[in-house]
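# Architecture at a glance
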Amino acid sequence: PLLAFDGRDAREVGRSVIGELVELRAGRIRLADRRLATWITDGTPASEATAVHERLHRVFHARARATEAAWHRARASLHADPSVAAILVGAARGESEAGRSDRALILAREAAAHAAGAVLDEARQVAGAAAIAGGYAAEAVGWLAPLMAGGVERFRLRGLAGFVIAQAHLHGSVPSIDPG
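Residues numbered from 1 in each chain as written. Predicted model: local features only at pLDDT ≥ 70, side-chain atom pairs only at ≥ 80, totals over all residues. Heavy atoms only, no water.

Turning to the overall build of the protein, a few remarks are in order. Tallying secondary structure elements over the protein gives ten helices and two strands in all. Element order for the protein, N to C, with α for helix and β for strand: α-α-β-β-α-α-α-α-α-α-α-α. By principal-axis analysis of the C-alpha atoms, the protein measures approximately 65 × 30 × 30 Å. For the protein, buried positions account for 36% of its 180 residues. When contacts within the protein are restricted to residue pairs at least 6 apart in sequence, those whose partners lie at least 24 apart make up 44%. (Helix = DSSP H or I, 4+ residues; strand = E, 2+ residues; numbered from the N terminus. Buried < 20%, exposed > 50% of the residue type's maximum accessible area, 1.4 Å probe, protein only. Contact = heavy atoms within 4.5 Å.)

As enumerated under the stated definition, the model contains seven salt bridges in all. Between aspartate 81 and arginine 73 there is a salt bridge, and its shortest N-O distance comes to 2.7 Å. Arginine 75 is the partner of glutamate 110 in a salt bridge, and the nearest nitrogen-oxygen pair spans 2.9 Å. Linking glutamate 110 in helix H7 (residues 101-114) with arginine 75 in helix H5 (residues 66-76), this pair joins segments that are 35 residues apart in sequence. With a relative accessible area of 10%, glutamate 110 lands in the buried category. Residue arginine 75 is classed as partly exposed on the basis of its relative accessible area, which comes to 40%. (Salt bridge = Lys/Arg side-chain N within 4 Å of Asp/Glu carboxyl O.)

It is worth spelling out the nonpolar core at this point. Membership of the largest hydrophobic core comes to 32 residues, with the highest contact counts inside it found for Leu88, Leu105 and Leu107. With seven residues, helix H9 (residues 137-148) is the largest single contributor of residues to this core. Not counting chain neighbours up to four residues away, the residues in contact with leucine 88 comprise Thr67, Ala70, Trp71, Ala74, Leu107, Glu110 and Ala111. (Core = buried A, V, L, I, M, F, W, Y, C linked by side-chain atoms within 4.5 Å.)

Further remarks concern helix H8 (residues 117-133). For H8, with 17 residues, the first-to-last C-alpha span of 24 Å sits near the 24 Å given by 1.5 Å per residue. Within the sequence span of H8, burial applies to Leu120, Asp121, Glu122, Ala123, Gln125, Val126, Ala127, Gly128, Ala130 and Ala131. Looking at the buried residues of H8, the elements they touch are helix H6 (82-97), H7, H9 and helix H10 (153-171). After H8 finishes, the residue glycine 135 shows a positive phi value of roughly 90°. (Expected span 1.5 Å × (residues − 1).)

Attention shifts here to unusual backbone geometry. The residue alanine 64 is not glycine, and still its phi comes out positive at about 55°. By the element assignment, alanine 64 lies in the loop between helix H4 (46-62) and H5. Taking the relative accessible area as the measure of exposure, alanine 64 reaches 69% and is therefore exposed.

What follows covers a nonpolar patch on the surface. Judged by side-chain polarity, Val17, Ile18 and Leu21 come together as a nonpolar surface patch covering roughly 290 Å² of accessible area. Inspection of the secondary structure assignment puts leucine 21 in the loop between helix H2 (10-15) and strand E1 (22-25). For leucine 21, a relative accessible area of 42% translates into the label partly exposed. (Patch = residues over 30% accessible without salt bridge, like charges linked within 9 Å, V, L, I, M, F, W, Y side chains within 5 Å. Areas by Shrake-Rupley, 256 points an atom, 1.4 Å probe, with all protein chains shown as cover.)

The structure is reproduced here in structure tokens:
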């Protein structure tokens, strides 16, 4: 997808100035050093980042890759875009169930930023489960506490065990939860 975004083929990119900074394999391109990705991301003005995400959304949409297209549409959005929330939360749940909690947390966090109602509750539940699975107890409590206070029942029940574990980890005791 990045080669389609760039417009050059892999051979041209490999011979270019950036050739030493990227890994090209099986038609995919990736930055060779994660620190470079951080530097690029942190140093890019919001307007340029938005334009890049808009272009990547179009590339992934054309390739019928719904999760990636939704991710980049969400990242390009200046306002909440509920149309991407359900796609992202579904992908987050799949990542969580596959044991990829860090990726699940990233996707669920973005889904929550665009969701409302039951989809928001599901995003919170998935984010909380992914956070506790990743060892982030405080973040898990932050995601799950709103569910315990009145979220949709099925997501509240799914999140209950993670909430109890996270609270016990943080406070050394099991929290009391009003079932009413």
